[in-house]
Amino acid sequence: MRHASFLTIVVALLGAAAVCAHGTRGARAGPTAGVEDTMAQRMQACVICHGEEGRATREGYFPRIAGKPAGYLYNQLQNFKAGRRRNEAMSHLLQHLSDDYLRDIARHFAELDLAYPAVRATGLTHEQQRMAEKLVFEGVRERDLPACVACHGRQMAGMQPAMPGLLTLPSDYLIAQLGSWRTGQRKAMAPDCMAEVAKRLTPEEVSAVARWLSAQTIDAGTQPAPAAGQPLPMRCGGMER
Ligand code: HEC
Ligand code: HEC
């Protein structure tokens, strides 16, 4: 019950702010401070969970959304709406929002260029550390497992148009996402390459790579890599834009 009424307030915030944003939209040309403020205000509904300006911390569960490619964020909003990803709060919030509005939201968070938390100790053993770095940078040829960097970008900061960066995300969140792909709880647009990748990982690898990714950092200002010039190692849906 308490949860439901909290969400009603969040939806109201989002709706009311969207209406007033509509009134002022287009009144000025270009990215002026006024337009920025309005969008930021609308997005207060998201900040409650995702942290100030969408910069979630690496503690806890909520994923950072700032600075991920707009195509990726848009696909996720669509995935929650269509039930390919399940989260009560997210689906509830998005159910009445138009595709155009979702596109605006995705663009807003993609353009935020915020500092990432500092690097910290992984807490992994030497062996686990090697296991994680091999997965990230080299992959495992015998198991047809491409390196994470082949898709997520050389710096793991994501790749245009729709590949997310993974560094500094909470390890609990990363473990949950990889687990959901393995059990079919999370799906991406077909062909779902990430489901294949997740199924080829052992539970030990999932834990090591999640803890490794969570402990790294990226310099402020690092952008997702440009779209790959050559085909990805596996076909992935939702990449055309
Ligand atoms: C009540 C808390 C809550 C609110 C409010 C909320 N979110 Fe979320 N959001 C979550 C959780 C929890 C997840 C992760 C769900 C999962 O495990 O897949 C998530 C996931 C996401 C993702 C996917 C992130 C990724 O890296 O794949 C996006 C994008 C997102 N939210 C955007 C938004 C936007 C935009 C708003 C405001 C309209 C918003 N959220 C409001 C809790 C919330
Ligand atoms: C063949 C390309 C490919 C490879 C290789 C790959 N990924 Fe992905 N990954 C994707 C795509 C595409 C998505 C976005 C899926 C979607 O739209 O939901 C994704 C998303 C993710 C997410 C969700 C991020 C979020 O914010 O919710 C995680 C976690 C992830 N990948 C981990 C990994 C790890 C760890 C590796 C290496 C072991 C890896 N991926 C290798 C294509 C790939």
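Report follows, based on the coordinates. (Residues numbered from 1 in each chain as written. Chains lettered and ligands numbered in written order. Predicted model: local features only at pLDDT ≥ 70, side-chain atom pairs only at ≥ 80, totals over all residues.)

### A few points about the packing of helix α7 (residues 126-137) against helix α11 (residues 203-215)
Convention followed: All axes here are fitted lines through C-alpha atoms, helices being fitted over the stretch that makes contact, and every angle between N-to-C directions spans 0 to 180 degrees. Secondary structure is summarised from DSSP: a helix means a run of H or I of at least four residues, a strand means a run of E of at least two, and numbering begins at the N terminus for each. Note that the term roughly parallel is reserved for angles under 35 degrees, roughly antiparallel for angles over 145, roughly perpendicular for angles of 65 to 115, and oblique for everything else. What counts as a contact is two residues whose backbone-derived C-beta atoms lie within 7 Å of each other. Three categories are distinguished: nonpolar for Ala, Val, Leu, Ile, Met, Phe, Trp, Tyr, Cys and Pro, charged for Asp, Glu, Lys and Arg, and polar for the others, with Gly belonging to the last.
Close contact between α7 and α11 brings their axes to 8 Å; oriented N to C, the two are set at 85 degrees. On the basis of their axis angle, the class for α7 and α11 is roughly perpendicular. Residues Gln128, Gln129, Met131, Ala132, Leu135 and Val136 of α7 touch α11, and the partners they reach there are Glu205, Ala208, Val209 and Trp212. In the contact of α7 with α11, the residues fall into seven nonpolar, two polar and one charged.

### What to know about unusual backbone geometry
Stated formally: Here a residue counts as buried when 20 or more other C-beta atoms fall within 10 Å of its C-beta, as exposed when 12 or fewer do, and as partly exposed in between; the C-beta atoms come from the backbone.
In the segment running from Gln160 into Pro161, the intervening peptide bond is cis, with an omega of 0 degrees. Looking at where Pro161 falls in the secondary structure, it is placed in the loop between α8 (149-152) and α9 (171-183). Residue Pro191 is bonded to the preceding Ala190 through a cis peptide linkage, with omega at -5 degrees. On the secondary structure map, Pro191 appears in the loop between α9 and α10 (193-200). You will see that Thr168, though not glycine, has its phi angle at about 70 degrees, which is positive. Of the residues examined, Thr168 has 23 C-beta atoms within 10 Å and is grouped as buried.

### Examining the packing of α9 against α11
Applicable threshold: Should the near helix be turned counterclockwise from the far one by less than a right angle, the crossing is left-handed, whereas a clockwise turn marks it as right-handed.
Where α9 meets α11, the closest approach of the two axes is 8 Å, and the angle between their N-to-C directions is 140 degrees. Classified by the angle between their axes, α9 and α11 sit oblique to one another. The element α9 and its partner α11 pack so that their crossing is right-handed. Contacts between α9 and α11 involve Ser171, Leu174, Ile175 and Leu178 from the former and Val206, Ser207, Ala210, Arg211, Leu213 and Ser214 from the latter. Residue composition of the contact of α9 with α11, by class: six nonpolar, three polar and one charged.

### Some remarks on the site of ligand 1
Short version of the rule: By definition, a residue lies near a molecule or strand provided its backbone-derived C-beta atom is within 6 Å of it.
In the vicinity of ligand 1, 22 residues are found, and the nearest of them are Cys46, Cys49, Gln76, Asn87 and Ala89. For the shell around ligand 1, the secondary structure elements donating two or more residues are α1 (2-24), α3 (44-50), α4 (70-82) and α5 (88-94). For the shell around ligand 1, the element with the most residues is α3, which contributes five residues. Classifying every residue of the shell around ligand 1 by side-chain character gives 18 nonpolar, three polar and one charged.

### Considering the site of ligand 2
Around ligand 2 there are 25 residues in total, and Cys148, Cys151, Ala188, Met194 and Met234 lie nearest to it. Going through the elements one at a time, α8, α9 and α10 are the ones with two or more residues in the shell around ligand 2. Taken together, the residues that form the shell around ligand 2 break down as 21 nonpolar, four polar and no charged.

### Considerations on the environment of Leu135
Position of Leu135 relative to the elements: it lies in helix α7. Given 23 C-beta atoms within a 10 Å radius, Leu135 is considered buried. Leu135 sits 73 residues away from Ala208 along the chain, and the two C-alpha atoms are 9.7 Å apart. When residues no more than four places from it in sequence are discounted, the contact partners of Leu135 are Cys148, Glu205 and Val209.

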